[in-house]
Amino acid sequence: SIDVSTLTRQTGYTALDYGFVNTAATKSDITFIDGDQGILRYRGYPIEHLATHSSYLEVAWLLIYGELPTPEQLERFDDRIRHHTLLHEDLKERFFTALPHTAHPMAVLSSGVSALSTYYEDESDPANPDHVELNMVRLLAKLPVIAAYAHKKSVGQAFLYPDNSLSFVDNFLKLNFGVLSEEYEVDPVMSRALERLLILHEDHEQNASTSTVRLVGSTGADQFASISAGIHALSGPLHGGANEAVLTMLAQIRDSGQGVQRFVEKVKNKEDGVKLMGFGHRVYKNYDPRAKLVKQSADEVLEALGVHDPLLDLAKELEEIALNDDYFKERRLYPNVDFYTGVIYKAMGFPTRMFTVLFAIGRLPGWLAHWRELHQDPKTKIGRPQQLYTGSPERDYPGV
Ligand code: ACO
């Protein structure tokens, strides 16, 4: 690889790279991807091992601090997060009531993180390591609560207080599906399945939302501002929003009655700009290893939850046709992580509009790890791309 910044400074040339297809913005120790082989590792550990044997918080610690935690470190981390789950009452009572119940939960989540920052303005100095540690814990503890309240608001149910006797994932499930003054028993199948999905989403190196978090962080903005911006970046249908778009696409194919083959033809002919959502990836030119694991889980989880969803059959048919079609083969387009996740979230009872919110909770540890790495790297500079100006040359204002 070439250090382009030095080269361009010496030669006076500017590299034009739409979409940063061939530009590294940083060095990083966190996540390794080999897109041709379909390999993903967090801090050197294969994603398959972590998804099977680890927990969300253990992987969060690994991503942030670089090593797996000792049992004592993990217990302390877990305790601290449980201690910080409550939202300020004003935020809980007033922020959510100001929003329409039709608000998209991703907009609520991002605004909620911005609103959260206003309670901690005196403790948000990016240069103060104690503030940084504390706000990492606050964000990990409170993001799921904001997310669950966004869900409760959309279905018109009362908010529950966090139940800190429960694990991270079980608490989140109860906040979403528990009902005031009724017992809620967490289904262990659902809990483990959600934990596994969250682990699979925890980091993915310099994707659009992580790059956004890093860019905002490079200006000296605090963690809340950076994460709020990252959530907005994730919401787009070409990025995390694809998990919602996949379910919408599958439902449209089913409802149109036109069949899967006709839909694939539309995609290939680029009719109305239709894409096969949940397919293709900037880095993977092979099967996304996360998608492989999610696909395995989908059958197991739906069966264990006693759900038969024809949309899963439709998704499998779509994949089968696409993988055997020259259009997709030539372009090396395979299912990405978003292709099968929605079917599982739906079986768990989450509405489609919550899917990308679940992705955001999964991705939060990665964003925090990258924000921290950025600030610890002495080479960090404010992110500021160049442009090649193609507008009008100088001209006179009329009458001057
Ligand atoms: N359906 C149909 N055609 C596709 C798809 C798709 N999903 N993805 C790429 N292509 C085609 C493009 O039209 C292009 O064809 P062309 O050479 O004839 O013009 C070719 O494949 C190359 O695609 P690019 O758009 O150049 O690839 P890029 O790396 O810029 O985009 C992206 C990657 C955005 C993920 C793209 O594959 C896509 O839009 N996929 C659907 C949305 C999606 O699932 N996003 C989630 C990604 S994973 C994540 O962010 C968590």
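Residues numbered from 1 in each chain as written. Predicted model: local features only at pLDDT ≥ 70, side-chain atom pairs only at ≥ 80, totals over all residues.

Taken in spatial order, the 3 strands of this open sheet run 1-2-3, and their pairing is antiparallel. Each edge of the sheet is formed by a strand with only one pairing partner; in this case those strands are strand 1 (31–34) and strand 3 (45–46). Note that strand 1 and strand 2 (residues 39–42) share 4 bridges and pair antiparallel. Pairing of T31 across the sheet is with Y42, part of strand 2. (Pairing = 2+ DSSP bridges. Helix = DSSP H or I, 4+ residues; strand = E, 2+ residues; numbered from the N terminus.)

Per the UniProt record, "active site" (unreviewed entry) is found at H281 and D338. The annotated residues occupy 58 residues of the chain but converge on a single region, no pair of C-alpha atoms lying more than 10.6 Å apart. Inspection of the secondary structure puts H281 in the loop between helix 13 (260–268) and helix 14 (289–304). Residues contacting H281, with those up to four places away along its chain left out, are D288 and N336. Structurally, the position occupied by D338 is in helix 17 (residues 338–348). Beyond its immediate sequence surroundings of up to four residues, D338 is in contact with A242, N243, V246 and G278. (UniProt positions renumbered as here; feature names shortened; annotations may be inferred. Contact = placed C-beta atoms within 7 Å.)

Attention now moves to helix 9 (residues 188–200). Between its terminal C-alpha atoms helix 9 stretches 18 Å, which fits the 18 Å expected from 13 residues at 1.5 Å a residue. Among the residues making up helix 9, those that are buried are M190, A193, L194, E195, R196, L197, L198, I199 and L200. Packing partners of the buried residues in helix 9 comprise helix 2 (47–53), helix 3 (56–65), helix 8 (168–177), helix 14, helix 17 and helix 18 (355–376). (Expected span 1.5 Å × (residues − 1). Buried ≥ 20, exposed ≤ 12 C-beta atoms within 10 Å, placed from the backbone.)

Lining the immediate environment of the ligand, one finds 20 residues, of which A242, K275, L276, G280 and R282 sit closest. A per-class count over the shell around the ligand returns 8 nonpolar, 8 polar and 4 charged. (Near = placed C-beta within 6 Å. Nonpolar A, V, L, I, M, F, W, Y, C, P; charged D, E, K, R; others polar.)

Within the largest apolar cluster, 107 residues are counted, with the highest numbers of intra-cluster contacts made by L109, I344, V357 and L364. Residue contacts for I344: discarding those within four places in its chain leaves A193, L197, S297, A298 and V301. (Core = buried A, V, L, I, M, F, W, Y, C linked by C-beta atoms within 7 Å.)

Bringing unusual backbone geometry into the picture now. The phi dihedral of F20 falls on the positive side, at around 50°, and the residue is not glycine. Within the secondary structure, F20 is located in the loop between helix 1 (4–11) and strand 1. Even without a glycine there, the phi angle at K270 is positive, about 55°. Take K270: it is sitting in the loop between helix 13 and helix 14. On the basis of neighbour counts, which here come to 9 C-beta atoms within 10 Å, the residue K270 falls in the exposed class.

End to end, helix 14 covers 23 Å across 16 residues, agreeing with the expected 22 Å (1.5 Å per residue, within 8%). Largest kink in helix 14: about 25°, centred on S297. Those residues of helix 14 that fall on the buried side of the exposure criterion are P289, R290, A291, L293, V294, K295, S297, A298 and V301. At its buried positions, helix 14 is contacted by strand 2, helix 2, helix 9, helix 15 (310–323) and helix 17. Positive phi appears at G306, one or two residues downstream of helix 14, with a value of about 70°. (Bend = angle between axes of the 7 residues up to and from the residue.)

The side chains of a regular strand alternate between the sheet's two faces. Only one face of strand 1 is buried, namely the one carrying T31 and I33, since none of F32 and D34 on the opposite face is buried. The turn joining strand 1 and strand 2, which pair antiparallel and follow one another in sequence, is formed by 4 residues; a positive phi near 75° is taken by G38.

The side-chain alternation of strand 2 yields one buried face, formed by L40 and Y42, and one unburied face, formed by I39 and R41. In terms of strand pairing, strand 2 meets strand 3 through 2 bridges, oriented antiparallel. Paired with R41 across the bridge in strand 3 is P46. Connecting strand 2 to the antiparallel partner strand 3 that follows it, the hairpin turn spans 2 residues, and R43 within it adopts a positive phi of roughly 50°.

Relative to the helices and strands, G220 resides in the loop between helix 10 (208–218) and helix 11 (223–234). Classification of G220 by C-beta neighbours within 10 Å gives exposed; the count is 12. Separated by 162 residues in sequence, G220 and I382 have C-alpha atoms that sit 8.2 Å apart.

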